[in-house]
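Residue-level structure breakdown
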Amino acid sequence: RDLRMSRGLGDVYKRQHGNMSKTALTLSEVLITLGIIGIIAAMTLPALVAQHRKKELHSQFKKSYTEINQINLNFIKDENMNMCEYAIELSKKQGSYGQEATTLFSKKFGSYMKVSSKNPVYWTPIATEARKSIKNLRNITSPSTQHLFDDAYNNDVSGKSYYFEMAATSKCPIISIDLNGYKKLPNRLGFDIFSFRPTLTGKIIPMGYPESSNINGSGNNTECSYKTNGTTNGIGCAYWANIDINPDDQTKTYWKDFIKY
């Protein structure tokens, strides 16, 4: 009787709780589950990392634009003229809108930031190496692209690289910033390199701004599209990056949707 009662109680427990041995996962089932998790992670992790990098670049862009505007205010305070006016005066003294005037301008600019060299000039090996690493928006390197950055160079202690180009027609220099420095890829216009231009009216204009002139000083520079093959494509992207609008699809954003690794 006791044995029958014990078996009966066992049957009741099984009906209520099931057979515990049946709920355990086998080793193969565990490995399959881990494999699926690994596949999902491998698919989603690169996208998450890319989005994080884009957010960092966006933050660096906004900070750098603010810094350039502050430096311009320092020019006005100390020299009683804005950056563009100062560059023009240097060019008059040098007799040309060339490398000598731009190098002097870059030194004055560098006096308001923490540069990594007391005498930042173009003809240093690091400047040449940095300039040759630059590509346009579509990841193409060309002499035309490099020509935009060959007048002067600074590198600050935070790692950002600054390039200066004096365009004779417009007289105001182009100031380009590699947000994460030339040692960190991709070194592409419109991705981690953005260009700005001070104006005679004292503003700092992101290149590509509808009212700004292009690199030659005439017309608007709208070179910021994956739909064009221009060698300087990307030089006009700072405007779109500043307003965070995708120039190829204005219903989308610049930083999240436009820039591509």
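What you see is a predicted model; the values in this text were computed from it and never measured. (Residues numbered from 1 in each chain as written. Predicted model: local features only at pLDDT ≥ 70, side-chain atom pairs only at ≥ 80, totals over all residues. Heavy atoms only, no water.)

The next thing to look at is the nonpolar core. By size, the foremost hydrophobic cluster in this structure holds 37 residues, and its most contacted members are Met83, Phe105, Phe109, Phe194, Phe196 and Tyr254. For this core, the elements supplying multiple residues, two or more each, are helix 3 (27-79), helix 4 (83-94), helix 5 (99-110), strand 2 (161-166), strand 3 (173-178), strand 4 (193-198), helix 8 (237-243) and helix 9 (254-258). Here this core gets six residues from one element, more than from any other, and that element is helix 3. With 13 residues, the next largest nonpolar core counts Ala130, Leu148, Ile193 and Ile235 among its residues. (Core = buried A, V, L, I, M, F, W, Y, C linked by side-chain atoms within 4.5 Å. Buried < 20%, exposed > 50% of the residue type's maximum accessible area, 1.4 Å probe, protein only. Helix = DSSP H or I, 4+ residues; strand = E, 2+ residues; numbered from the N terminus.)

The subject of this paragraph is the environment of Ile204. Note that Ile204 resides in strand 5 (residues 204-206). Measuring from C-alpha to C-alpha, the distance between Ile204 and Ile68 comes to 7.6 Å, with 136 residues separating the pair along the chain. In this structure Ile204 touches Tyr65, Ile68, Asn69, Asn72, Met83, Phe196, Arg197 and Pro198, once residues within four positions along its chain are discounted. (Contact = heavy atoms within 4.5 Å.)

Let us look at the pattern of salt bridges. Scanning all chains against the criterion turns up four salt bridges. Across the salt bridge formed by Glu67 and Lys160, the nearest N and O atoms sit 3.6 Å from each other. Of the two residues, Glu67 sits in helix 3 while Lys160 sits in the loop between strand 1 (152-155) and strand 2, which places them 93 residues apart along the sequence. With a relative accessible area of 26%, Glu67 lands in the partly exposed category. The class for Lys160 is buried, based on a relative accessible area of 8%. As a salt-bridge pair, Glu89 and Lys92 come within 3.7 Å of each other at their nearest N and O atoms. With Glu89 and Lys92 both in helix 4 and three residues apart, the pair spans about one turn of that helix. Given the relative accessible area of 56%, Lys92 is considered exposed. (Salt bridge = Lys/Arg side-chain N within 4 Å of Asp/Glu carboxyl O.)

This paragraph deals with the sheet that holds strand 5. Picture the strands of a sheet paired through backbone hydrogen bonds; they go either parallel or antiparallel. Spatially, the five strands line up as an open sheet ordered 1-2-3-4-5, and their pairing is antiparallel. Sheet topology places strand 1 and strand 5 at the edges, where each strand pairs with a single neighbour. Taken pair by pair, the neighbouring strands of this sheet meet at an average axis angle of 25 degrees, ignoring direction. Bridge count between strand 3 and strand 4: four bridges; the pairing is antiparallel. Residue pairing in the sheet places Ile177 in a bridge with Phe194 of strand 4. (Pairing = 2+ DSSP bridges. Axes fitted to C-alpha atoms, helices over the stretch in contact; angles between N-to-C directions.)

All right, on to the state of the cysteines then. In this structure the tally under the stated criterion is two disulfides. Disulfide pairing places Cys84 opposite Cys172 at an S-S distance of 1.8 Å. An S-S torsion of about -65 degrees defines the bridge between Cys84 and Cys172 as left-handed. Residue Cys84 is found in helix 4, and its partner Cys172 is found in the loop between strand 2 and strand 3; the two are separated by 88 residues along the sequence. (Disulfide = S-S within 2.5 Å.)

Aromatic ring pairs are defined here through the distance separating the ring centres and the angle between the ring planes. Tallied over the entire structure, the rule returns 21 aromatic pairs. When the ring of Tyr65 is compared with that of Phe196, the centres are 5.1 Å apart and the planes differ by 25 degrees; the resulting orientation is stacked. Remark: Phe196 occurs in strand 4 and Tyr65 occurs in helix 3; sequence separation between them is 131 residues. For the residue pair Tyr65 and Phe196, the accessibility class agrees, reading buried in each case. Look at Phe149 and Tyr163: their rings are 5.1 Å apart centre to centre, the planes differ by 75 degrees, and that puts the pair in the edge-to-face class. Of this pair, Phe149 sits in the loop between helix 7 (143-147) and strand 1 while Tyr163 sits in strand 2, and the two are 14 residues apart along the sequence. (Phe/Tyr/Trp six-rings, centres within 6.5 Å; stacked < 30°, edge-to-face > 60°.)

Looking now at the pairing of strand 3. Taken across its six residues, strand 3 has six buried, putting it largely inside the fold. Residues of strand 3 alternate between two faces, with Pro173, Ile175 and Ile177 on one and Ile174, Ser176 and Asp178 on the opposite face, all of them buried. In this structure, strand 2 lies alongside strand 3, joined through six bridges in antiparallel fashion. Residue pairing across strands places Tyr162 opposite Ile177, the latter belonging to strand 3.

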